[in-house]
Amino acid sequence: MGIRPILHWPDPRLTTVCTPVDKITDAMRHLVQDMFETMYEAPGRGLAAPQVGVMQRIFVTDTTWKEGERTPLVFINPEITDHATDLVTHDEGCLSIPGVLTPITRPAEVTMRWTDLAGMPREGRFTGFAAACVQHELDHLDGVLTLDRLDPRQRAEVEATLSARP
Ligand code: ZN
């Protein structure tokens, strides 16, 4: 167990589509433990497996721990089964694009289905910040970053900022 290095843009693994999980193994339970340690240490509220170089459809979130309540969730093979038609914009950060906040517009509420670490099917409705978080993490499993959701002018500005860094 331990903290794993987080990949940073433009690592090509961050823009690769991840493969579904077909079996929950001990290695996967260790991976999930490491992902939580890595996320809390970063510190962040969500982390997807490809961000630590594991190209499988898994992410973890804890959208409330910074306010003092831990609500860890493990999503295996997640999918969105319903979403609200109203849209909302949040400034989203990403542990793979450190120090950059980008305004991203997404459905305000989503219903997601997934498998938990015990192999049980789960379903949940997410609203507010949690809705943005689970959609952001699901994007990672499809190789989509916040940069990919910006218009070309916004993206060029962010990329210029990033490439100006030492
Ligand atoms: Zn991210």
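This one's a predicted model, so the numbers in the text were calculated from it and none came from an experiment.

J.: Let's hear about the nonpolar core: which residues, and what values?
T.: In this structure, Met-35, Phe-36, Leu-47, Ile-58, Val-60 and Val-74 are the most contacted members of the largest nonpolar core, which totals 18 residues. When residues of this core are traced back to their parent elements, those giving at least two are helix 1 (26-41), strand 2 (58-61) and strand 3 (73-83). Here the element with the most residues in this core is helix 1; it accounts for 7 residues. When neighbours within four sequence positions are excluded, Val-60 is seen to be in contact with Val-32, Met-35, Phe-36, Met-39, Arg-45, Gly-46, Leu-47, Leu-73 and Val-74. Core analysis: the second largest hydrophobic core is formed by 13 residues, Ala-48, Phe-59, Phe-126 and Leu-141 among them.

J.: Got a sec to walk through the coordination of the zinc ion? Specific residues and values, please.
T.: Around the zinc ion, the protein contributes the donor atoms Cys-94 (SG), His-136 (NE2) and His-140 (NE2), at 2.1 to 2.3 Å from the metal centre. Along the chain, the residues donating to the zinc ion fall in the pattern C-x41-H-x3-H. One end of the pair is His-136 and the other is His-140, both in helix 2 (residues 128-141) and 4 residues apart, which spans about a single turn. Taking the relative accessible area as the measure of exposure, His-140 reaches 1% and is therefore buried.

J.: Which residues make up the packing of aromatic side chains, and what values go with them?
T.: Under the counting rule described, the total for this entry stands at 6 aromatic pairs. An angle of 40° between the planes, with centres 4.5 Å apart, marks the rings of Phe-75 and Trp-114 as tilted. With Phe-75 in strand 3 and Trp-114 in strand 6 (residues 109-115), this residue pair connects regions lying 39 residues apart in the sequence. Note on accessibility: Phe-75 and Trp-114 belong to one class, buried. Pairing Phe-75 with Phe-126 gives two aromatic rings, centres 5.9 Å apart and planes at 55°, and the pair type is tilted. With Phe-75 in strand 3 and Phe-126 in strand 7 (residues 121-127), the pair connects residues that are 51 residues apart, well separated along the chain. Using a relative accessible area of 0% as the deciding quantity, one classes Phe-75 as buried. In textbook terms, an aromatic cluster arises when at least three aromatic residues are bridged by ring pairs, as seen for Phe-59, Phe-75, Trp-114 and Phe-126. In this arrangement the basic side chain of Arg-45 is found over the ring face of Phe-129, its NZ or CZ atom lying 5.2 Å from the centre.

J.: An account of the sheet that holds strand 6 is needed here, citing residue identities and associated values.
T.: The 5 strands lie next to each other as 1-2-3-6-7, forming an open sheet whose pairing is antiparallel. With partners counted over all chains shown, the strands left at the sheet margins are strand 1 (46-48) and strand 7, one partner each. Taken pair by pair, the neighbouring strands of this sheet meet at an average axis angle of 40°, ignoring direction. Relative to strand 7, strand 6 runs antiparallel, the two sharing 7 bridges. Within the sheet, the bridge partner assigned to Thr-111 lies in strand 7 and is Arg-125. Across the sheet, helix 1 lies against strand 1, strand 2 and strand 3, angled at about 40° from strand 2, the strand it touches most. Those strands touched by helix 2 are strand 1, strand 2, strand 3, strand 6 and strand 7, and its axis lies near 155° from that of strand 2.

J.: Could you give an account of helix 2, naming the residues involved and the relevant values?
T.: Where burial is concerned, most of helix 2 is hidden: 12 out of the 14 residues are buried. Within the sequence span of helix 2, burial applies to Ala-130, Ala-131, Ala-132, Cys-133, Val-134, Gln-135, His-136, Glu-137, Leu-138, Asp-139, His-140 and Leu-141. Once helix 2 finishes, Gly-143 follows within two positions and takes phi at roughly 75°, a positive value.

J.: An account of unusual backbone geometry is requested, with residue identities and associated values reported.
T.: Looking along the chain, the bond that leaves Trp-9 and enters Pro-10 is cis, with omega of 5°. Note on placement: Pro-10 falls in the segment before helix 1. Residue Pro-43 is reached from Ala-42 by a cis peptide bond, and omega for that bond is -5°. By the element assignment, Pro-43 lies in the loop between helix 1 and strand 1. Non-glycine residue Asn-77 carries a positive phi angle of around 50°. Judged by relative accessible area, Asn-77 falls into the partly exposed class, the value being 25%.

Procedures and definitions
Residues numbered from 1 in each chain as written. Predicted model: local features only at pLDDT ≥ 70, side-chain atom pairs only at ≥ 80, totals over all residues. Heavy atoms only, no water. Core = buried A, V, L, I, M, F, W, Y, C linked by side-chain atoms within 4.5 Å. Buried < 20%, exposed > 50% of the residue type's maximum accessible area, 1.4 Å probe, protein only. Helix = DSSP H or I, 4+ residues; strand = E, 2+ residues; numbered from the N terminus. Contact = heavy atoms within 4.5 Å. Donors = N, O, S within 2.8 Å, 3.2 Å for Na, K, Ca; no water. Phe/Tyr/Trp six-rings, centres within 6.5 Å; stacked < 30°, edge-to-face > 60°. Lys NZ or Arg CZ within 6 Å of the ring centre and 35° of its normal. Pairing = 2+ DSSP bridges. Axes fitted to C-alpha atoms, helices over the stretch in contact; angles between N-to-C directions.

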